Amino acid sequence: MPYRANMWALRALGVRRIFAPCAVGSLTPQLGPGTVVVPDQLVDRTRGRADTYFDSGGIHVEFADPYCPTLRSAVTGLPGVVDGATMVVIQGPRFSTRAESQWFAAAGFQLVNMTGYPEAVLARELEMCYAAIALVTDLDAGVAVGDGVKAVDVYAEFQRHIEPFKKLVQEAIGELAGERSCTHCLTHQGIELPFELP
Ligand SMILES: [Zn+2]
């Protein structure tokens with residue numbers, strides 16, 4: 001996935017606020033298939049992905065709270081949406097083993113996904129507001145009874161929920177003010193960047 005090119009292109013087109021819908025596995029039976037969750041934390045378990053635009057210059061963006069609070073609150077105010085979860089982003093493309101899945105759950109993570117990183121940090125480097133909106137499609141291997149996660153079941157579950165999910169994202173967009181007022185995601189004030197942002 002060309003994450004850096006995608007986020008750069010969005011920024012160059014004038015985009016400043018991003019809702020990032022994604023499919024996730026759940027690491028807890030409390031968040032079953034069909035649940036919509038707005039994560040507030042992420043854990044990066046990917047490897048080797050290009051996750052910065054600053055190949056030189058020692059620029060360290062703040063990332064303690066990886067998602068935009070303004071965008072998050074536009075979604076969490078909608079009915080039925082679960083506010084807050086830690087999403088672990090794994091390298092993929094394979095699903096987790098049972099042991100990995102149980103390890104993530106024991107560590108206190110609730111959701112598992114393959115694409116939420118480095119998108120989130122690249123958005124932050126480009127000073128774009130970014131919030132993930134996660135649709136649970138399955139219980140992960142260590143939580144599910146039976147054979148574990150199968151791609152065909154994930155796609156079927158995704159299909160079943162995709163229309164109401166799209167509607168929810170549209171409603172969230174409707175909750176946003178016309179102009180961006182967020183300062184949380186503007187991290188470069190006073191820092192000299194090695195290049196101009198697009
Ligand atoms: Zn923001």
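Quick notes on the rules
Throughout, residues of each chain are indexed from 1 in the direction in which the sequence is written. Restriction of local features to residues with pLDDT of at least 70 applies here, the model being predicted, together with a cutoff of 80 or more for giving and counting side-chain atom pairs; totals for whole chains, interfaces and linings are based on all residues. Here the side-chain values reflect all heavy atoms present in the structure, with hydrogen atoms and water set aside. The donor set comprises N, O and S atoms within 2.8 Å of the metal, extended to 3.2 Å for Na, K and Ca; water molecules are omitted, so apparent gaps in a site may simply reflect that omission. Every geometry call rests on angle ranges, with four donors termed tetrahedral when all angles are between 85 and 135 degrees, four termed square planar and six termed octahedral when opposite donors are over 155 degrees apart and all others are between 65 and 115, and everything else termed irregular. Helix and strand definitions here come from DSSP, where helices need a minimum of 4 consecutive H or I residues and strands a minimum of 2 consecutive E residues; each element is numbered from the N-terminal end. Throughout, exposure labels follow a simple rule: accessible area from a 1.4 Å probe, protein chains only, divided by the maximum for the residue type, with under 20% read as buried, over 50% as exposed, and the rest as partly exposed. By the criterion applied in these results, polar contacts are pairs of N or O atoms within 3.5 Å in which, for protein atoms, one can donate a hydrogen and the other can accept it, and in which residues neighboring in sequence qualify only through two side-chain atoms. Any pair of residues with heavy atoms lying within 4.5 Å of one another is described as a contacting pair. Any two strands are treated as partners once DSSP identifies two or more bridges connecting them. UniProt positions are given in the numbering used here, feature names are shortened, and annotations may be inferred rather than shown by experiment. Any pair of Phe, Tyr and Trp rings, taking the six-membered ring for Trp, is counted once the centres come within 6.5 Å. Such a pair is stacked with planes under 30 degrees apart, edge-to-face with planes over 60 apart, and tilted for the rest. Only one rule defines a salt bridge in this text: a Lys or Arg side-chain nitrogen within 4 Å of an Asp or Glu carboxyl oxygen.

Turning next to the coordination of the zinc ion. Listed as protein donors to the zinc ion are Cys68 (SG), Cys129 (SG), Cys182 (SG) and Cys185 (SG); their distances from the metal cover 2.3 to 2.4 Å. Relative to the metal, the 4 donor atoms surrounding the zinc ion lie at angles of 105 to 114°, and the coordination shape comes out tetrahedral. In primary-sequence terms, the residues that donate to the zinc ion follow C-x60-C-x52-C-x2-C. Here Cys129 is found in strand β7 (residues 129–139), whereas its partner Cys185 is found in the segment after α5 (151–175), with 56 residues between them in sequence. Its relative accessible area of 1% is what places Cys185 among the buried residues.

Moving on: the side chain of Ser26. With respect to the element layout, Ser26 can be found in strand β1 (residues 17–26). Of note is the side chain of Ser26, whose polar atom sits 2.6 Å from the backbone oxygen of Thr28. With near-sequence residues (within four places) excluded, Ser26 lies in contact with Leu31, Gln110, Leu111, Val136, Asp138, Leu139, Asp140 and Val143.

The subject of this paragraph is the sheet that holds strand β3 (residues 41–45). Strand order in the open sheet formed by 7 strands is β3-β5-β6-β1-β7-β2-β4, and the pairing between neighbours is mixed. Each edge of the sheet is formed by a strand with only one pairing partner; in this case those strands are β3 and β4 (82–83). Strand direction decides the pairing type here: β1 and β7, joined by 10 bridges, are parallel. Each bridged residue has a counterpart across the sheet, and for Phe19 the counterpart in β7 is Ala131.

When the UniProt feature table is mapped onto this chain, "domain: Nucleoside phosphorylase" (unreviewed entry) is found at residues 3–169. The annotated region residues 3–169 carries 34% helix and 23% strand content, and the separation between its end C-alpha atoms amounts to 21 Å.

On to the packing of aromatic side chains, then. Tallied over the full model, the rule gives 6 aromatic pairs. Connected via pairs of aromatic rings, a cluster forms that spans Trp8, Tyr53, Phe54 and Phe195.

We now examine unusual backbone geometry. The residue after Gly92, namely Pro93, is reached through a cis peptide bond having omega 0°. Here Tyr117 and Pro118 are connected by a cis peptide whose omega angle stands at 15°. With respect to the helices and strands, Pro118 occurs in helix α4 (residues 116–125). For Glu127, which is not glycine, the phi dihedral falls at a positive 60°. Mapped onto the secondary structure, Glu127 falls in the loop between α4 and β7.

For the structure on display, the rule yields 6 salt bridges. The partner of Arg72 in a salt bridge is Asp83, with the nearest N and O atoms 2.6 Å apart. You can see Arg72 sitting in helix α2 (residues 69–76) and its partner Asp83 sitting in strand β4, a full 11 residues away along the chain. A residue is classified by how much of its surface remains accessible, and Asp83, at 49% relative accessible area, is partly exposed. As a salt-bridge pair, Glu157 and Arg160 come within 2.3 Å of each other at their nearest N and O atoms. Placement of the pair is Glu157 and Arg160 together in helix α5, with a separation of 3 residues, close to one helical turn. A residue is classified by how much of its surface remains accessible, and Glu157, at 11% relative accessible area, is buried. Since its relative accessible area comes to 56%, Arg160 is described here as exposed.

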